[in-house]
Amino acid sequence: MSKKIDQDADAVSAHDLALHYGDTIVLKGIDLSLSRGRTLALLGPSGCGKTTLLRLVAGLLQPTRGTVRIAGQPVADARTGLFAPPERRNLGMVFQDYALWPHLTVGGNVSFPLEMRGVARAERAARTMRALRRVGLEAYVDRRPSDLSGGQQQRVAIARAIVAEPRLILFDEPLSNLDRELRENMVGELAGLIAELRLTAIYVTHDHAEALTLADEVAVMRAGEIAQLAAPDDLVARPASAEVADFLRLGGTARLSWRSGTWFLAGSDHAVAHEAAPSRGREAQVLLPLAAVALSGPSHKALPARVVRSQFRGDGHLATVVLAGSPDVELQLLSAARLRPGEQIGLSIDPGRIRWFGEESHSTQEKKVVTC
Ligand SMILES: Nc1ncnc2c1ncn2[C@@H]1O[C@H](COP(=O)(O)OP(=O)(O)OP(=O)(O)O)[C@@H](O)[C@H]1O
């Protein structure tokens, strides 16, 4: 790969990137690009192809079809057979288990990539200390990794990934081995570090909170494809499909059917919204976000529901409920009071907050709706 860097080019881009193992299609033709200084999260359930995509960018796998470019330079092209191995892609990598060498000191671990590049001893020492200073671990240079906490080990792994000042850092589920409390602390710390160091990064995770906290853009992946690629705020405000909304746990999703001037929960007599004139379609898939569902006082209009489970989450009790006669549709609401599993309650749904998928004509922004 040429050393020349195109300053205007995307830090990384993939075009029609596919990977097959025999008849098994793991990635189906991915297109993406990432600008310098930005972080892209690859988010999705186990087996959707996140790690495979990261490995294709890293040069640990060769694509069946398509191209990968780093800083504008092609590093893999299935058509021409071009393939640059990882050491020629100028990348840093941080893995799930940090992959620190236990027999080396912290300093020895961090300076290793420089040693591999043939950097002279004095310069190696100076750059190692600079990288350790950037992650706040200067004082730990002579310790063994085993003498550090999980969070500190992770910072050593980051120092090792940035020491050679790569153009791109790849993170493969770097927090998944930490316990929940440490993980929650580290997400914020890592987000701060990525921003401060102005890293260009691709970050693989199956944890939606982690992706939405850390990344500038999130690719929600499903079955070898990108279901939606958007900034975190856009994903939450405008999930592209019920699947994406379900994965991000944005509330309950349901099918509605249109009868006699009213949208009902499909297969039930629960009226959810009235619209003046649905222009097309008698079926709709919708998201009922937390903000759309509320406990209702006693009223003949309240929708009868049963509490399935309830969990305290800081700003109230997050309850999962099912409407009477529709056990397959789970809705969520936030209640100031604790609700007990099995408790019968009444709900109201604010139709103005319903997110209609599919047909744009069902968008609540465009349609006149009246509260049930
Ligand atoms: N060598 C292989 N041969 C055949 N199938 C494979 C091979 N390696 C991976 N796969 C399949 O490719 C799919 C995607 O795997 P990948 O590791 O990219 O998923 P992932 O989204 O990173 O999942 P996880 O979060 O569990 O790591 C999986 O169904 C996996 O079984």
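Residues numbered from 1 in each chain as written. Predicted model: local features only at pLDDT ≥ 70, side-chain atom pairs only at ≥ 80, totals over all residues. Heavy atoms only, no water.

Asker: Outline the overall build of the chain, listing residues and values.
Answerer: When helices and strands are tallied, the chain shows eight helices and 22 strands. Projecting the C-alpha coordinates of the chain onto the three principal axes gives extents of approximately 80 × 50 × 35 Å. Counting over 372 residues, the chain shows a buried share of 49%. In the chain, once contacts between residues fewer than 6 apart in sequence are set aside, the share between residues at least 24 apart is 63%. Surface accessibility of the chain: about 18,100 Å² in total, with carbon and sulfur atoms responsible for 48%. Each charge class in the chain can be summarised by its mean position, and for the 44 positive and 42 negative side chains these summaries are 2 Å apart. (Helix = DSSP H or I, 4+ residues; strand = E, 2+ residues; numbered from the N terminus. Buried < 20%, exposed > 50% of the residue type's maximum accessible area, 1.4 Å probe, protein only. Contact = heavy atoms within 4.5 Å. Areas by Shrake-Rupley, 256 points an atom, 1.4 Å probe, with all protein chains shown as cover. Lys, Arg positive; Asp, Glu negative; His and termini not counted. Charge placed at Lys NZ, Arg CZ, Asp CG, Glu CD.)

Asker: Describe the domain arrangement of the chain, with residues and values.
Answerer: Along its sequence, the chain is carved into domain 1 (12-243) and domain 2 (251-370). On a C-alpha basis, the centres of domain 1 and domain 2 stand 39 Å from each other. Across the boundary between the two partners, domain 1 contributes six residues, which contact five residues of domain 2. Taken over both partners, the interface formed by domain 1 and domain 2 buries close to 370 Å², and the fraction arising from carbon and sulfur atoms is 68%. For the interface between domain 1 and domain 2, the tally reads zero salt bridges. Classifying every residue of the side of domain 1 that touches domain 2 gives four nonpolar, one polar and one charged. (Domains from an automatic or database assignment. Buried area = accessible area lost by both parts, 1.4 Å probe. Salt bridge = Lys/Arg side-chain N within 4 Å of Asp/Glu carboxyl O. Nonpolar A, V, L, I, M, F, W, Y, C, P; charged D, E, K, R; others polar.)

Asker: Got a sec to walk through the confidence of the model for the chain? Specific residues and values, please.
Answerer: On average, residues of the chain carry a pLDDT of 87, and 92% of them reach 70 or more. By mean pLDDT, strand β22 (residues 369-370) is the weakest element of the chain at 32, and strand β6 (residues 82-83) is the strongest at 97. Taken together, the stretch residues 360-372 has pLDDT below 50 and engages in 38 contacts with residues farther than four places along the chain or on a different chain. (pLDDT = per-residue confidence, 0-100.)

Asker: Quick rundown of helix α1 (residues 50-58)? Include the residues and the values.
Answerer: In terms of residue burial, α1 counts as a mostly covered element, since seven of its nine residues are buried. The complete set of buried residues in α1 reads K50, T52, L53, L54, L56, V57 and A58.

Asker: Could you give an account of the site of the ligand, with specific residues and numbers?
Answerer: If you check the shell around the ligand, you find Y21, V26, P45, S46, G47, C48, G49, K50, T51, T52 and E173 and nothing else. Within the side chain of S46, an N or O atom sits 2.5 Å from an oxygen atom of the ligand. The separation between an oxygen atom of the ligand and a polar side-chain atom of K50 is 2.9 Å. Alone, the ligand offers 650 Å² of accessible surface; in the complex the protein occludes 56% of this. Ranked by residue count, the leading element in the shell around the ligand is α1, at three residues. (Near = heavy atom within 4 Å. Polar contact = N/O pair within 3.5 Å; in protein donor to acceptor, adjacent residues only side chain to side chain.)

Asker: How would you explain the side chain of H270 if you had to name every residue and give the values?
Answerer: Of note, H270 is situated in the loop between β13 (262-265) and β14 (271-275). Here H270 falls in the buried class, since its relative accessible area comes to 11%.

Asker: Please set out the pairing of strand β20 (residues 344-349) residue by residue, giving values where relevant.
Answerer: Looking along a regular strand, one sees side chains alternate from face to face of the sheet. In this sheet, β20 lies alongside strand β16 (residues 293-295) in antiparallel orientation, the contact comprising three bridges. When the sheet's bridge partners are listed, A294 is paired in β20 with S348. (Pairing = 2+ DSSP bridges.)

Asker: Break down the UniProt feature "domain: ABC transporter" (unreviewed entry) in the chain for me, citing the residues and quoting the values.
Answerer: Within this structure's numbering, the places UniProt gives as "domain: ABC transporter" (unreviewed entry) are residues 12-248. Secondary structure content for residues 12-248 is 35% helix and 27% strand, and the end C-alpha separation is 26 Å. (UniProt positions renumbered as here; feature names shortened; annotations may be inferred.)

Asker: So, the packing of helix α4 (residues 150-162) against helix α5 (residues 180-196): which residues are in play, and what are the values?
Answerer: For the pair α4 and α5, interaxial distance at closest approach is 11 Å and the crossing angle is 25°. Comparing the axis directions of α4 and α5 gives the class roughly parallel. Note on packing geometry: the crossing formed by α4 with α5 is right-handed. Facing G150, G151, Q154, R155 and I158 of α4, the residues of α5 in contact are L182, M186, E189, L190 and L193. (Axes fitted to C-alpha atoms, helices over the stretch in contact; angles between N-to-C directions. Parallel < 35°, antiparallel > 145°, perpendicular 65-115°, else oblique. Left-handed = near helix turned anticlockwise from the far one by under 90°.)

Asker: Describe in detail the packing of helix α2 (residues 106-116) against helix α3 (residues 121-134), supporting the description with residues and values.
Answerer: Between α2 and α3, the shortest axis-to-axis distance is 9 Å and the interhelical angle comes to 120°. With respect to α3, the axis of α2 lies oblique. The hand of the α2/α3 crossing is right-handed. Across the interface between the two elements, V106, G107, V110, S111, L114 and E115 of α2 pack against R124, R127, T128, A131 and L132 of α3. When its residues are assigned to classes, the contact of α2 with α3 shows five nonpolar, three polar and three charged.

Asker: Now, about the sheet that holds strand β11 (residues 225-230): what can you tell me, with residues and values included?
Answerer: Pairing in this open sheet of six strands is mixed, and the strands run β7-β8-β9-β3-β10-β11 from one edge to the other. A single partner strand is all that each edge strand has here, and the edge strands are β7 (91-94) and β11. Between one strand axis and the next, the sheet turns through 20° on average, direction left out of account. Where β7 meets strand β8 (residues 168-172), four bridges bridge the pair, whose relative direction is parallel.

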